[in-house]
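# Topology and contacts: notes
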Amino acid sequence: MLFALAMALSFFESVITPLLGLMPAMKLGLANIVVMYAMLFMKRRQALLLVLLKAFFSLLARGATAGFLSLCGGLLSWLVMAILLCLPFPVTGYIFSVCAALAHNAGQLLGASVVLSSAMALGYAPVLLLVGLAVGSVTWWVAKGVFPVLKRLYPEDGAPKSKILF
């Protein structure tokens, strides 16, 4: 069910991105809210499975490069979220979301530099870092509204398994 929700959000995002005038590599990260939810309220393994399924779907729907970039961004974002959950002090939801977005962009930049066989893609880093800050903020605001609804849909998952403060 969460994978279907992530795909629906991804489709919605692909429709709305051109209307907002964003460049092709810039997206709102709405599907990543589902991964954040899985990280916070389910098991990390389920969140990792969502990352892998999203990358596989990108591979099938948009080709090998898109699938590889989705995998790179998703895995680095998942790793950063996992590290944040292991910290001995609480982290705000805003920091959690922004760090996940920045890591996703960094992972995609690293993947693009592998695909291009050069560091030329890293020249795009300043733009994507600024976009990551903005997108992370947007996903935080959306998550604040969506997480209570998702918790009602999945009541058996109970309270957050983290110290993230939303």
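Please read these numbers as outputs of a predicted model, since none were measured by experiment.

What follows covers the side chain of Ser77. The residue Ser77 is located in helix H4 (residues 64-86) in this model. Given the relative accessible area of 6%, Ser77 is considered buried.

What describes a pair of aromatic rings is the distance from one ring centre to the other and the angle between the planes of the rings. Scanning the model with the defined rule gives six aromatic pairs in all. Pairing Phe3 with Phe57 gives two aromatic rings, centres 6.3 Å apart and planes at 80 degrees, and the pair type is edge-to-face. Taken together, the residues span a long stretch of sequence, with Phe3 in helix H1 (residues 2-19) and Phe57 in helix H3 (residues 44-62) at a distance of 54 residues. The class for Phe3 is partly exposed, based on a relative accessible area of 26%. A residue is classified by how much of its surface remains accessible, and Phe57, at 39% relative accessible area, is partly exposed.

Bringing the confidence of the model for the protein chain into the picture now. Summarising the model, the protein chain shows a mean pLDDT of 85, and 89% of its residues fall at 70 or more. The element-level mean pLDDT for the protein chain is lowest in strand S2 (residues 164-165), coming to 68, with H4 highest at 95.

For the rest of this paragraph, the subject is a nonpolar patch on the surface. On the surface, Phe68, Val114, Val115 and Leu116 cluster together into a nonpolar patch covering about 340 Å² of accessible area. With respect to the secondary-structure elements, Phe68 resides in helix H4.

Below, the discussion takes up helix H2 (residues 30-41). Here H2 contains twelve residues, and its C-alpha end-to-end distance of 17 Å stays within 8% of the 16 Å for a straight helix at 1.5 Å per residue. By the criterion of burial, H2 is predominantly enclosed, with eleven of the twelve residues buried. Along H2, the positions that sit buried rather than exposed are Leu30, Ala31, Ile33, Val34, Val35, Met36, Tyr37, Ala38, Met39, Leu40 and Phe41.

In contact at an axis separation of 7 Å, H4 and helix H5 (residues 93-115) are set at 145 degrees when each is read in the N-to-C sense. Of the two possible hands of crossing, H4 and H5 adopt the one that is right-handed. For the contact of H4 with H5, the per-class residue count stands at 16 nonpolar, nine polar and no charged.

This part is about the environment of Ser97. The topology assignment puts Ser97 in helix H5. Judged by its relative accessible area of 1%, Ser97 is buried. Considered as a pair, Ser97 and Leu133 are 36 residues apart in the sequence and their alpha carbons are 9.1 Å apart. The residues touching Ser97, leaving out its near neighbours within four places in the chain, are Met36, Gly136, Thr139 and Trp140. Engagement of the side chain of Ser97 in a polar contact is seen with the backbone nitrogen of Trp140, the distance being 3.3 Å.

What counts and how
Residues numbered from 1 in each chain as written. Predicted model: local features only at pLDDT ≥ 70, side-chain atom pairs only at ≥ 80, totals over all residues. Heavy atoms only, no water. Helix = DSSP H or I, 4+ residues; strand = E, 2+ residues; numbered from the N terminus. Buried < 20%, exposed > 50% of the residue type's maximum accessible area, 1.4 Å probe, protein only. Phe/Tyr/Trp six-rings, centres within 6.5 Å; stacked < 30°, edge-to-face > 60°. pLDDT = per-residue confidence, 0-100. Patch = residues over 30% accessible without salt bridge, like charges linked within 9 Å, V, L, I, M, F, W, Y side chains within 5 Å. Areas by Shrake-Rupley, 256 points an atom, 1.4 Å probe, with all protein chains shown as cover. Salt bridge = Lys/Arg side-chain N within 4 Å of Asp/Glu carboxyl O. Expected span 1.5 Å × (residues − 1). Axes fitted to C-alpha atoms, helices over the stretch in contact; angles between N-to-C directions. Left-handed = near helix turned anticlockwise from the far one by under 90°. Nonpolar A, V, L, I, M, F, W, Y, C, P; charged D, E, K, R; others polar. Contact = heavy atoms within 4.5 Å. Polar contact = N/O pair within 3.5 Å; in protein donor to acceptor, adjacent residues only side chain to side chain.

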